[in-house]
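Understanding the architecture of this molecule
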Amino acid sequence: MTTLLVEPSAVSPTRRVLLGALRSREIAVLSVLLALIVLTTVKSPAFVFSGNGWRDLLLTPSILMLLAVGQTVVIVTRNVDLSVGSTLGLSAYLTGRLFADNPGIPIVVVVLAGTAFGAVLGFVNGVLVAWGRVPALVITLGTLYVYRGIFLTWAGSDRVNASDLPAAFLDLGTRSVVGIPVLTIVAVAVLAVVGYYLHTARGGRELYAIGSDPDAATLYGLKVSRRVLGAFVLSGALAGLAGVVYAARYGTVSSNAGLGIELQAVGAAVIGGVAIFGGSGTVWGAAIGAFLLITINRALPIVGIGDFWQRAVVGVLIIGAIVLDRVLAARNERRLVEARDRS
Amino acid sequence: MSAMLSRPTAERPAGPTYADHSRPLWRRALVSREFAVIALLAVVFAWSQGNVDNFDGPLTLYYLFLDTAPILLIALPLTMIIITGEIDLSVASVVGLASVAMGVLHQDLGLSIPLAALLAIGLGAVAGAFNGLLVAYVGLPSLAVTIGTLALYRGLAVGLLGTTAVTEFPERWTDLAKARIVDGSPYPVILIPFLVLLVGFVLLLHFSPFGRGVYEIGQNAEAARFTGVNVARTKFWLFVLAGAISAFAGVYYTLRYGSARGDNATGLELQVIAAVLLGGVSIFGGRGALHGVVAGVLLIGVVSSAMRLENHTANVISIVIGVLLVLSVISTRLLAWVSALVSRGPGGRPPLRIGRRRAAVGTNGTSTTGTTTTSTTER
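Residues numbered from 1 in each chain as written. Chains lettered and ligands numbered in written order. Predicted model: local features only at pLDDT ≥ 70, side-chain atom pairs only at ≥ 80, totals over all residues.

As a further point, take the packing of helix H14 (residues 261-271) of chain A against helix H8 (residues 142-161) of chain B. The N-to-C vectors of H14(A) and H8(B) enclose an angle of 120°; their axes lie 10 Å apart at closest approach. Here H14(A) is positioned oblique relative to H8(B), judged by the angle of their axes. Judged by the twist between their axes, the crossing of H14(A) over H8(B) is left-handed. Taking contact as the criterion, the partners of A:Leu263, A:Val266, A:Gly267 and A:Val270 in H14(A) are, on H8(B), B:Ala144, B:Ile147, B:Leu150 and B:Ala151. Looking at the contact of H14(A) with H8(B), its residues break down into 7 nonpolar, 1 polar and no charged. (Axes fitted to C-alpha atoms, helices over the stretch in contact; angles between N-to-C directions. Helix = DSSP H or I, 4+ residues; strand = E, 2+ residues; numbered from the N terminus. Parallel < 35°, antiparallel > 145°, perpendicular 65-115°, else oblique. Left-handed = near helix turned anticlockwise from the far one by under 90°. Contact = placed C-beta atoms within 7 Å. Nonpolar A, V, L, I, M, F, W, Y, C, P; charged D, E, K, R; others polar.)

So this is what it looks like as structure tokens:
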């Protein structure tokens with residue numbers, strides 16, 4: 001008779017799934033989000049039930065969702081990408097320029113160009129981090145300045161106006177399919193693909209392994225540098241896509257596009273349960289975190305809290321999220337130790 | 001007992017030697033990251049004196065010090081925090097919070113400027129203590145905590161004042177913030193508290209048991225705990241210091257521009273961190289020195305004021321600062337690579353594998369071990 005290294009759980013599968021769902025961070029953040037939406041709607045039904053309210057509710061978070069998904073992939077490998085805000089700005093401006101300088105250029109080409117451009121910027125980050133073996137925080141802080149500087153030099157005092165963009169492109173920013181805005185569908189589709197990849201694909205699981213213990217991952221034979229490089233390219237590409245979305249959503253791109261949004265993206269990931277030191281967390285959580293952050297910003301004035309207090313509430317949420325993580329982790333550890341001592 | 005102590009010295013030739021400390025002091029002082037930054041600063045400064053119009057004018061240095069003073073001040077405690085391996089992203093928000101607190105206390109409660117400033121600094125210390133509590137005693141990652149308090153403190157600052165600004169400050173005090181130590185000299189008065197703090201921080205970091213503990217925590221927190229360093233308390237007080245000094249910088253910022261606004265000094269945290277890292281402090285902790293950091297801050301200041309005089313816009317300046325930052329961290333890797341090339345000698349010996357390189361170093365005892373060990377510990 002062979003002894004198993006890990007005994008199968010004695011709990012029945014349905015109960016296990018149910019308990020897992022109850023303990024999951026994603027469900028917790030989602031219920032906070034739903035509670036917030038319900039409360040605000042009770043106060044002001046237009047928040048959800050008017051045409052504009054419904055559209056804004058779904059549309060506004062899509063940019064931050066894209067960034068948070070990319071950021072999660074990077075944070076899971078125990079790195080961080082602070083340059084996404086500058087990448088978003090550059091790519092949004094590129095989008096505007098492409099339309100303004102080449103009348104009649106197909107929209108698909110521009111979307112691909114913006115995404116590819118973001119990927120190139122992410123590739124630069126990735127090469128510096130993976131090859132230079134220096135912390136991502138420092139490198140992406142440096143490229144944050146460099147990319148922003150390139151953006152400002154390129155744009156100068158010029159800015160992209162809605163009149164430079166073709167009507168069909170601007171229409172993308174407002175159009176809905178069966179009540180759901182197109183840009184939100186794009187963001188959710190990206191979320192689904194990346195989430196599926198991280199959850200099941202070998203490459204995705206290797207990212208978690210690298211984040212849990214980079215040295216062990218190297219010893220195990222994983223291609224750490226290549227995977228980390230890939231994570232940065234993906235984060236850059238999603239920031240580039242977010243730039244295109246930004247241009248479509250707002251119609252104007254001025255020099256402060258995406259300024260300071262990188263910390264919001266990290267904050268969304270942290271709220272969504274992504275551990276800042278890598279190895280755990282899901283893009284679903286990060287996306288819900290992004291949704292929550294944006295919705296709070298829009299809901300506070302309606303609930304009667306001055307919108308100047310938004311950032312304070314966001315700060316409290318981030319700190320609350322990590323303290324909660326800590327408490328849960330400590331409780332879990334204690335339970336495991338007890339279980340070990342009993343056996 | 002003495003026999004036990006003497007044994008390692010007897011065995012030393014057989015084991016690995018620490019080349020880093022077998023070199024003479026002048027060499028250790030000159031061949032270092034810090035000295036490279038100082039040399040670069042001197043070169044840039046000398047070049048600007050000769051080639052940039054008006055750089056040698058009386059106003060250049062004055063405004064350089066006036067503008068970099070908040071960064072210089074905050075860099076002192078932040079250096080120590082980064083040496084312990086932690087980080088504080090909330091410093092600029094504390095600057096804004098202190099600025100608003102001072103404006104509100106002065107305008108709405110009618111407190112005198114010194115009293116309002118003191119209370120604002122106290123508030124900064126409390127803000128720092130909150131960071132320190134969460135990081136040191138609750139054990140949360142400082143990056144996540146201070147991203148949270150970055151939003152929280154900025155939110156409090158903006159929430160208190162909204163879009164309004166307090167600009168009613170007595171001229172006596174706003175003039176003091178811009179005054180020069182001696183009339184006509186390029187040194188503003190703010191340099192006096194900075195120099196006092198600098199001396200204090202140099203003594204604290206480089207010449208006190210507390211400072212040795214700071215390095216030890218950065219190298220290995222667990223080992224530091226076993227050698228009797230109170231890790232949690234050290235980190236806690238460093239965050240309190242960072243909060244108080246950021247608030248002092250906030251008071252200065254308010255008086256210098258004569259306005260207390262919630263969005264004062266937004267984004268300053270990244271500038272301070274860039275300057276500290278440029279000055280040779282390792283983001284992983286355990287390495288760095290204050291003379292390098294001060295040179296790093298001044299280097300960014302000199303580069304930006306020289307470029308501004310040459311009519312470059314802020315955009316180009318931020319590109320240069322970013323490139324400098326990236327190069328400064330990549331340079332360690334480049335230097336290790338170059339010195340590995342050099343150590344092969346002009347004879348063009350075949351490339352050595354790591355195991356063999358160590359053996360080769362043992363025989364001729366050059367400085368290569370120093371560089372290779374530092375580069376491996378840095379990873």
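Our focus in this paragraph is helix H5 (residues 58-83) of chain B. Residues and elements named next belong to chain B. A rise of 1.5 Å per residue sets the reference length of H5, with its 26 residues, at 38 Å; its end C-alpha atoms lie 36 Å apart and thus fit the reference within 8%. The largest bend along H5 reaches roughly 50° and is located at threonine 68, with the proline proline 70 sitting one to four residues downstream. Of all 26 residues making up H5, 19 are buried, and the element is well covered by its neighbours. Taken from the residues just after H5, glycine 85 is the one with a positive phi, measuring 90°. (Expected span 1.5 Å × (residues − 1). Bend = angle between axes of the 7 residues up to and from the residue. Buried ≥ 20, exposed ≤ 12 C-beta atoms within 10 Å, placed from the backbone.)

All right, on to the interface of chain B and chain A then. Listed per partner, the contact involves 39 residues of chain B and 39 residues of chain A. At the level of elements, H8, helix H14 (268-278) and helix H16 (314-343) of chain B are the ones that each hand at least two residues to the side of chain B that touches chain A. Partitioned by chemical class, the residues of the side of chain B that touches chain A number 27 nonpolar, 9 polar and 3 charged.

Residue and element names in this part refer to chain B. Of note, valine 320 is situated in helix H16. Valine 320 sits in the partly exposed class, given 18 other C-beta atoms within 10 Å. Measuring from C-alpha to C-alpha, the distance between valine 320 and methionine 307 comes to 9.7 Å, with 13 residues separating the pair along the chain. Other than its neighbours up to four places away in sequence, valine 320 contacts Val303 and Met307.

Attention now moves to the confidence of the model for chain B. Residue and element names in this part refer to chain B. In this model, chain B carries an average pLDDT of 81, and 84% of its residues clear a pLDDT of 70 or more. Long-range and interchain partners of residues 1-16, a stretch whose pLDDT sits below 50, account for 1 contact in this model, where long-range means more than four residues apart. Scored by ipTM, the complex comes to 0.78, with pTM at 0.80. (pLDDT = per-residue confidence, 0-100.)

Glancing now at unusual backbone geometry. Phi is positive for A:Arg78, which is not a glycine, with a value near 65°. Structurally, the position occupied by A:Arg78 is in the loop between helix H5 (61-76) and helix H6 (84-101). Among the residues examined, A:Arg78 registers 21 C-beta atoms within 10 Å and is labelled buried. If you check the backbone angles, B:Ala265 has positive phi at about 60° while not being a glycine. Structurally, the position occupied by B:Ala265 is in the loop between helix H13 (231-257) and H14. Look at B:Ala265 and you get buried, because 28 C-beta atoms sit within 10 Å.

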